[in-house]
Amino acid sequence: MNEGPDQYFEQQDMAVKLMLLEHKSDELTDILVEALQDALKLLEEELATVH
């Protein structure tokens, strides 16, 4: 059976829960900060193409 989006997000949720249980919150914070920086960069690029 193919994995659908729901199963992917369930796996991601489980990975986050495991990181929190293993007290790896610093690693999780680093991942989240990097993701936010990537998102902001994409938004800046999008804004630059609009003007």
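Before any of the text, the structure's been laid out above.
Residues numbered from 1 in each chain as written. Predicted model: local features only at pLDDT ≥ 70, side-chain atom pairs only at ≥ 80, totals over all residues. Heavy atoms only, no water.

Explain the overall build of the chain to me, using residue names and the numbers behind them.
A tally of regular secondary structure across the chain gives two helices and zero strands. In terms of overall size, the chain is more extended than a compact globule, its C-alpha atoms giving a radius of gyration of 15 Å where 51 residues would be expected to give roughly 10 Å. Seen through its principal axes, the chain has C-alpha atoms that stretch 45 × 35 × 10 Å. Looking at the chain residue by residue over its 51 residues, the buried ones come to 4%. On the chain, roughly 5000 Å² of surface is accessible, and the fraction owed to carbon and sulfur atoms is 60%. (Helix = DSSP H or I, 4+ residues; strand = E, 2+ residues; numbered from the N terminus. Rg over C-alpha atoms; globule rule 2.2 N^0.38 Å. Buried < 20%, exposed > 50% of the residue type's maximum accessible area, 1.4 Å probe, protein only. Areas by Shrake-Rupley, 256 points an atom, 1.4 Å probe, with all protein chains shown as cover.)

Describe helix α1 (residues 5-21), and please don't skip the residues or the numbers.
Taking 1.5 Å per residue, 17 residues should reach 24 Å; α1 reaches 24 Å between its end C-alpha atoms and fits that length. With its phi angle positive at about 60°, His 23 sits one or two positions after the end of α1. (Expected span 1.5 Å × (residues − 1).)

Quick one: what's the story with a nonpolar patch on the surface, residue by residue and with numbers?
Together, Met 14, Leu 18 and Leu 21 give the surface a local cluster of nonpolar side chains, amounting to about 320 Å² of exposed area. Tracing the backbone through its elements, the reader meets Met 14 in helix α1. Met 14 sits in the partly exposed class, given a relative accessible area of 46%. (Patch = residues over 30% accessible without salt bridge, like charges linked within 9 Å, V, L, I, M, F, W, Y side chains within 5 Å. Salt bridge = Lys/Arg side-chain N within 4 Å of Asp/Glu carboxyl O.)

Please give an account of the environment of Ala 48 that cites residues and values.
Its place among the elements puts Ala 48 in helix α2 (residues 25-50). On the basis of relative accessibility, which here comes to 56%, the residue Ala 48 falls in the exposed class. Between the C-alpha atom of Ala 48 and that of Leu 32, which follows or precedes it by 16 residues, the distance is 24 Å.

I'd like a description of a negative patch on the surface, backed by residues and values.
There is a patch of like negative charges on the surface, built from Asp 26, Glu 27, Asp 30, Glu 34 and Asp 38. Here Glu 34 lies in helix α2. (Lys, Arg positive; Asp, Glu negative; His and termini not counted. Charge placed at Lys NZ, Arg CZ, Asp CG, Glu CD.)

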